[in-house]
Amino acid sequence: MMELRKTLAGRIALTAIATVVLLFLALPIVVILVTSFSNNAFAAFPPDSWTLGWYKALFADGSKWPAALTLSAFVACLSTVFSLIIGVTAATALTRSELPLRSAVYALVLGPLLIPQIVTALGLFLLFEPASMLGSPIAIALGHTVLTSPIAVLILIATLRGIDERLEDAAASMGANRLTIARRITFPLAAPGMIAAAIFSFITSFDEFYISQFLSSVDTVTLPVQIYNSLTFDIDPSVTAISAILIAGAILALALVALVRWLGSGRQNSLFSVENTAGIAAPGGEPV
């Protein structure tokens, strides 16, 4: 690969390959976006004519999309809160303490990512059905948390490991307790990672289908389940419109994550500049 970059022909070949791969990955998204403006009732591509009618139909009287969208947003918000609580607690324990059997705990936390989602959904169904919690938004949110919390833990572990512990040691040497250190130093520096974890947890919960399908009822239908029902039992071109909205939302969320991480890196660099100016001692005893 390095040899290809040294020649003009190699750079052109790498650029062409990267372009083809990106176009291949983006092609389904482009098809959905274009089809959402098609006037054809069967969502044909390419469209013969253009319209905004399918977007208007999403919020027409009697439409099921607003209720499904609202429920998915509510469940995703609950799941995000639960995931952040679990994520902050687990990531702090795994990075800031001498936790016994750390590898086993780490594997247990990340286990749901390795298990097929349909198996997890079946297990949650068997758990909540005797408790008569099927169809409850709380039950759906708890089920989503099983999948979103490992993502939050991974992001927060990487974030906490990227924070220089000398800043915390310096605060402790000046008499600050653990709560003050966490509130004044650790959490402000970890804020970009916490926001990124919240965004990815929200997206994962919002798009989750299998758990929602197993735990939902007739009156509580999330957006992915409603999309599946519309594609299975009906021909509804409004699906392309709601899909286009979801694609736009995902792009905005990823842009927000990139912006937050960029702002966070600038803030941490400024703190390091203050640290260097103050001459905080390095582990070897010499001032930085």
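Owing to the predicted nature of the structure, the values given are computational and were not obtained by experimental measurement.

Colleague: Sorry if this is basic, but what is going on with unusual backbone geometry here?
Modeller: Located in the positive-phi region is Ser132, a residue other than glycine, with phi close to 55 degrees. With respect to the element layout, Ser132 can be found in the loop between α6 (117-128) and α7 (137-161).

Colleague: I tried to follow empty space enclosed by the protein on my own but got confused; where do I start?
Modeller: The gaps left among the atoms become clear once a water-sized probe is rolled over them. In the structure shown here, the tally under the stated rule is 1 cavity of 30 Å³ or more. Looking at the lining of the largest cavity, the elements that each hand over two or more residues are α4 (65-96), α7 and α9 (178-207). Broken down by element, the residue count for the lining of the largest cavity peaks at 3 residues, all from α9. Counted by class, the lining of the largest cavity contains 6 nonpolar, 1 polar and no charged residues.

Colleague: Looking at this structure, how should I read the packing of aromatic side chains?
Modeller: In this description, a pair of aromatic rings is defined by centroid distance and the angle of the planes. By the definition in use, this model includes 5 aromatic pairs. On the basis of an interplanar angle of 70 degrees and a centroid distance of 6.4 Å, the ring pair of Phe125 and Phe214 is categorised as edge-to-face. Residue Phe125 is located in helix α6, and its partner Phe214 is located in helix α10 (residues 210-215); the two are separated by 89 residues in the primary sequence. Judged by its relative accessible area of 28%, Phe125 falls in the partly exposed class. Since its relative accessible area comes to 26%, Phe214 is described here as partly exposed. Seen in terms of ring centroids, Phe209 and Tyr228 are 5.1 Å apart; in terms of plane orientation they differ by 50 degrees. Their pairing is tilted. One end of the pair, Phe209, is in the loop between α9 and α10; the other, Tyr228, is in helix α11 (residues 223-233), and 19 residues separate them in sequence. You can call Phe209 partly exposed: its relative accessible area is 22%. In textbook terms, an aromatic cluster arises when at least three aromatic residues are bridged by ring pairs, as seen for Phe209, Tyr210 and Tyr228.

Colleague: Explanation requested: the packing of α6 against α7 in the structure shown.
Modeller: For any two helices packed against each other, the geometry is given by the interaxial angle and the distance between the axes. Packing of α6 against α7 brings their axes to within 11 Å, and their N-to-C directions diverge by 145 degrees. Considering how the two elements wind past one another, α6 and α7 form a crossing that is right-handed. Counted together, Gln117, Thr120, Leu124 and Phe128 of α6 and Ala139, Leu142, Gly143, Val146 and Leu147 of α7 form the full contact between these two elements. A class-by-class count of the residues in the contact of α6 with α7 yields 6 nonpolar, 3 polar and no charged.

Colleague: Just checking my understanding: could you explain the side chain of Thr95 for this structure?
Modeller: Within the secondary structure layout, Thr95 lies in helix α4. According to the relative accessible area criterion, Thr95 is buried, its value standing at 15%. Separated by 2.6 Å, the side chain of Thr95 and the backbone oxygen of Ala91 make a polar contact. Beyond its immediate chain neighbours, meaning those up to four positions away, Thr95 contacts Ile157, Leu160, Arg161 and Glu165.

The rules behind these values
Residues numbered from 1 in each chain as written. Predicted model: local features only at pLDDT ≥ 70, side-chain atom pairs only at ≥ 80, totals over all residues. Heavy atoms only, no water. Helix = DSSP H or I, 4+ residues; strand = E, 2+ residues; numbered from the N terminus. 1 Å grid on protein atoms, 1.4 Å probe; cavity = no way out; pocket = protein on both sides within 12 Å on 5 of 7 lines; lining within 4 Å. Points joined across faces, edges and corners; volume = space filled by probe spheres on them. Nonpolar A, V, L, I, M, F, W, Y, C, P; charged D, E, K, R; others polar. Phe/Tyr/Trp six-rings, centres within 6.5 Å; stacked < 30°, edge-to-face > 60°. Buried < 20%, exposed > 50% of the residue type's maximum accessible area, 1.4 Å probe, protein only. Axes fitted to C-alpha atoms, helices over the stretch in contact; angles between N-to-C directions. Left-handed = near helix turned anticlockwise from the far one by under 90°. Contact = heavy atoms within 4.5 Å. Polar contact = N/O pair within 3.5 Å; in protein donor to acceptor, adjacent residues only side chain to side chain.

By themselves, these observations are geometric and do not establish any function.
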